Amino acid sequence: MARKSIIGSGGRFIPAVLAAFFLLGAAAPPAAAAGPPDGVLSLMPVPAGVAAGEGRFRVDEGLTIGGPAPASGRAFRAAARFMSRLAGRTGLFLRQDFLAAQDPAGDGGVRYAFERAGALAPNEDESYSLTVEPARVALAAKTDIGVLRGLETLLQLLSADEAGYYFPCVSVVDRPRFTWRGLLIDAGRHFQPVDVVKRNLDAMAAVKMNVLHWHLTEDQGFRVESKVFPKLHQLGSDGMFYTQAQVREVVEYAADRRIRVMPEFDLPGHSTSWFVAYPQYSSAPGSYAIERRFGVFGPAFNPADERVYPFLDAFFKEMAGLFPDPYVHIGGDEVEGRQWDANPEIQAFKRKNGIADNAALQAYFNKRLLKLLAKHGKKAVGWDEIFQPDLPKDTVIHSWRGPQSLVEAARKGYRGILSNGYYIDLCQSAAFHYLNDPVPADSPLDESQKALVLGGEATMWAELVTPETIDSRIWPRTAAIAERLWSPASVRDVDDVYRRLGRISIELEELGLLHIKNRGLLLRRLAGGPAIEPLELLAQAVEPLEGYKRHGQAAYTSLSPLTRFVDACAPESLEAWDFSRAVDRYLASRDPVLGAALGRALTAWKDNHPRVLALLAASPALREIEPLSLGLARSCEAGLEALSVLSKGEGRPAAWVEAKTEVLTDAGRTAAHAELAVVEPVAKLVRACAGAVK
Ligand code: ACM
């Protein structure tokens, strides 16, 4: 069986000794032997309905794909990409003269059909049914979007046996649970060039996500060309902005994958970069410079200044023409208020108009802004601060501070999307994000209110990412969020998600994603040479500090290098997760084979320390990782001792456990803006030794 597990995801990097461990650690689920074939088990997101059949559809050089004439349009281009990807993955010289193959003779091959082109708006039909039989594959959908989604499923079904490649016979009937399955890319804090955006659109399509939320303006940068107010991008971006031609290119590229592109222009706060060119629209006298630091800053538009509204009217008229999506995100988060409080004209305006506080002042500003947007045919999405019961009913509330705002919005009849719990910049676990449900089982909403929750978005805030590292912060964890938003609520098996993350990770590489590859690039640069295996082995045990803790380690700005060891470490190490689960399984089973595999992993990490030290000598930039490597070696020593105790069925007195725990506490200290991810599972081994010495 051609099972790709986490061993597959790290095969290029994991030294043999750890690879052997992970083969055991990431053992196939029990169902694998007798259950459905590999491809069916590895689908991500899990379809709404899937039934394994008998037999295999052989993928060979005679494969054809055909759809309705004329052979043009979105489904046709998706079929072309499908064949190209399939050829790339299998090495088969598939016929790719697509125009000729659109109407293949006979009824074999892959046939797709749909009734109409789907719209680029929420609540469009994305359902499909896919039937694989030994002689044919049939993909049917109401819209061409369903065909796109179904082709991704079919590609994921690709399996292999002694005879070659095949699609397992299967019947899939699938549709998304939520209509809004987004990824926010923050191009404001660190500019992300078009190729970054495009490859992430490909990755989104592969896991059936359908909204790119493009965060285009921030204190740190104004990232879109304005022909009406060119000083905005000329002075506000350090020359790093998207031209309008590039925006159109991205919008078209996304539309071809049936991904909506929703721009965000964050107002009235988070807006310093606007005021570099137009200080007169801020609430305090200029001048202004592009902000380099991160945080919440004072500059905000002046709601009391009548000149602001015609300016925004002209700007949004231009942007409405550039971005076809029905929604524009107006931001609205974290208006700090100091400029408003210090401005006597704003204070007088508030008194004159009976505006009680800054929240009410922001509501006044929003009301006028939303009127302008409506004039240009756009509906608004805003962060949960914008929520006021008298907003137009078509405004969407975007929850970032907590799920409660979604509940409150839905109770008052407003649609909402969830990002609280999907902040992938915070380096939390895939499990945490995966179990975070926009409509949890204990939701207090009734059915009609639940229907107002449109879905959610993973948010790739970019304080600490560059084009080099952004893919590794997004993927593969975001595939778990994609599954939460697509698959039925009952699909919640965390172990199974991790098993499939390893596989999807490799499939994303095929699309040009750099989340795995760039680790090597970063480490080679740091080491000043190609010999980085000890660093890779260490990185498997290390994760960046979670949450906002990394910001407490140094005064990060948008100009800081993000090229250190911590930047090469995955936000969540799949290898560390495997190790941790293997420890749990060992403690439950005391299986000596698993114990031996754990011993090999611990020994490999322990013995890695002198090899890391040898690299540090030649690399001042790497010296900060010495405590991590030493801590890992010491933890592994403790782990090996504990394993030895446990394997003999012995115990140790409390003082021994305490002493080892102290070693682990010391080893677990933050260093190099990172921490060891394997200390806690080792501590579990140590604690399990507590008891009488037998
Ligand atoms: C946000 O994270 N301030 C939306």
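Residues numbered from 1 in each chain as written. Predicted model: local features only at pLDDT ≥ 70, side-chain atom pairs only at ≥ 80, totals over all residues. Heavy atoms only, no water.

**As for the overall build of the chain**
- Within the chain, the regular secondary structure consists of 28 helices and 18 strands.
- Relative to a compact globule of 694 residues, whose C-alpha radius of gyration would be 26 Å, the chain shows 27 Å and is just as compact.
- A total of 694 residues make up the chain; the buried ones form 60% of that total.
- When contacts within the chain are restricted to residue pairs at least 6 apart in sequence, those whose partners lie at least 24 apart make up 77%.
- Counting only carbon and sulfur atoms, one obtains 55% of the accessible surface of the chain, whose full area is about 25,300 Å².
- Computing the positive centroid from 79 side-chain charges and the negative centroid from 83, the chain places the two 1 Å apart. (Helix = DSSP H or I, 4+ residues; strand = E, 2+ residues; numbered from the N terminus. Rg over C-alpha atoms; globule rule 2.2 N^0.38 Å. Buried < 20%, exposed > 50% of the residue type's maximum accessible area, 1.4 Å probe, protein only. Contact = heavy atoms within 4.5 Å. Areas by Shrake-Rupley, 256 points an atom, 1.4 Å probe, with all protein chains shown as cover. Lys, Arg positive; Asp, Glu negative; His and termini not counted. Charge placed at Lys NZ, Arg CZ, Asp CG, Glu CD.)

**A closer look at the pattern of salt bridges**
- Counted according to the given criterion, the structure contains 47 salt bridges.
- In this structure, Arg260 and Asp325 form a salt bridge, with 2.7 Å as the shortest nitrogen-oxygen distance. You can see Arg260 sitting in strand β11 (residues 260-265) and its partner Asp325 sitting in the loop between α11 (308-322) and β12 (327-329), a full 65 residues away along the chain.
- What makes Arg260 buried here is its relative accessible area of 1%.
- In this structure, Lys367 engages Asp390 in a salt bridge whose closest nitrogen and oxygen atoms are separated by 3.0 Å. Of this pair, Lys367 sits in helix α14 (residues 358-375) while Asp390 sits in the loop between β13 (379-383) and β14 (396-399); the two residues are 23 residues apart in sequence, bridging distant segments of the chain. (Salt bridge = Lys/Arg side-chain N within 4 Å of Asp/Glu carboxyl O.)

**Overview of the packing of aromatic side chains**
- Under the definition given, this model contains 30 aromatic pairs.
- Summarising the aromatic geometry, the rings of Phe191 and Tyr242 are spaced 4.6 Å apart at their centres and angled 45° between planes, so their arrangement reads as tilted. In this pair, Phe191 is assigned in the loop between β8 (180-186) and α7 (194-206) and Tyr242 in the loop between α8 (231-236) and α9 (244-256), connecting sequence segments 51 residues apart.
- We classify Phe191 as buried; its relative accessible area is 13%.
- Between Trp214 and Tyr242, the aromatic rings sit 4.5 Å apart at their centres with planes inclined by 50°, giving tilted as the arrangement. In this pair, Trp214 is assigned in strand β9 (residues 211-218) and Tyr242 in the loop between α8 and α9, connecting sequence segments 28 residues apart.
- Overall, the relative accessible area of 0% leaves Trp214 in the buried class.
- Taking the relative accessible area as the measure of exposure, Tyr242 reaches 0% and is therefore buried.
- For the cation-ring pair, Arg260 lies above Trp180, with the distance from its terminal atom to the ring centre recorded as 4.2 Å. (Phe/Tyr/Trp six-rings, centres within 6.5 Å; stacked < 30°, edge-to-face > 60°. Lys NZ or Arg CZ within 6 Å of the ring centre and 35° of its normal.)

**Thoughts on the confidence of the model for the chain**
- For the chain, the average pLDDT comes to 93, and 93% of its residues sit at 70 or higher.
- Element-level mean pLDDT values for the chain span from 27 in helix α1 (residues 6-10) up to 99 in β8.
- The model gives residues 1-33 a pLDDT under 50, and that stretch makes 61 contacts with residues more than four places away or in other chains. (pLDDT = per-residue confidence, 0-100.)

**Quick look at the nonpolar core**
- Counting 99 residues, the largest nonpolar core has Trp214, Trp274, Leu312 and Trp475 as the members making the most contacts within it.
- Not counting chain neighbours up to four residues away, the residues in contact with Trp274 comprise Thr217, Phe222, Leu232, Phe265, Asp266, Leu267, Phe301, Phe311, Leu312 and Phe315.
- Residues Ala527, Leu538, Ala601 and Val645 belong to the second largest nonpolar core, which totals 53 residues. (Core = buried A, V, L, I, M, F, W, Y, C linked by side-chain atoms within 4.5 Å.)

**Concerning helix α4 (residues 73-90)**
- Helix length check: α4, at 18 residues, gives a terminal C-alpha distance of 26 Å against a target of 26 Å (1.5 Å per residue), a fit within 8%.
- Positive backbone phi, at 75°, marks Gly91, one or two positions downstream of α4. (Expected span 1.5 Å × (residues − 1).)

**Brief notes about the side chain of Gln192**
- Summarising the element assignment, Gln192 is placed in the loop between β8 and α7.
- A polar atom in the side chain of Gln192 sits 3.2 Å from the backbone oxygen of His190. (Polar contact = N/O pair within 3.5 Å; in protein donor to acceptor, adjacent residues only side chain to side chain.)

**Some remarks on the packing of helix α25 (residues 592-616) against helix α26 (residues 626-647)**
- In the contact formed by α25 and α26, the axes pass within 8 Å of each other and the chain directions differ by 155°. The orientation of α25 with respect to α26, classified from their angle, is roughly antiparallel. Where α25 crosses over α26, the handedness of that crossing is left-handed. Facing α25, whose interface residues are Gly595, Leu598, Gly599, Leu602, Thr603, Trp605, Lys606, His609, Val612, Leu613 and Leu616, α26 presents Glu626, Ser629, Leu630, Leu632, Ala633, Cys636, Glu637, Gly639, Leu640 and Leu643.
- Looking at the contact of α25 with α26 residue by residue, the class counts come to 12 nonpolar, 6 polar and 3 charged. (Axes fitted to C-alpha atoms, helices over the stretch in contact; angles between N-to-C directions. Parallel < 35°, antiparallel > 145°, perpendicular 65-115°, else oblique. Left-handed = near helix turned anticlockwise from the far one by under 90°. Nonpolar A, V, L, I, M, F, W, Y, C, P; charged D, E, K, R; others polar.)

**Examining the pairing of β11**
- For β11, a buried count of 6 out of 6 residues is recorded, marking the element as mostly surrounded by other parts of the structure.
- Here β11 shows no split at all, with Arg260, Met262 and Glu264 on one side and Val261, Pro263 and Phe265 on the other all buried.

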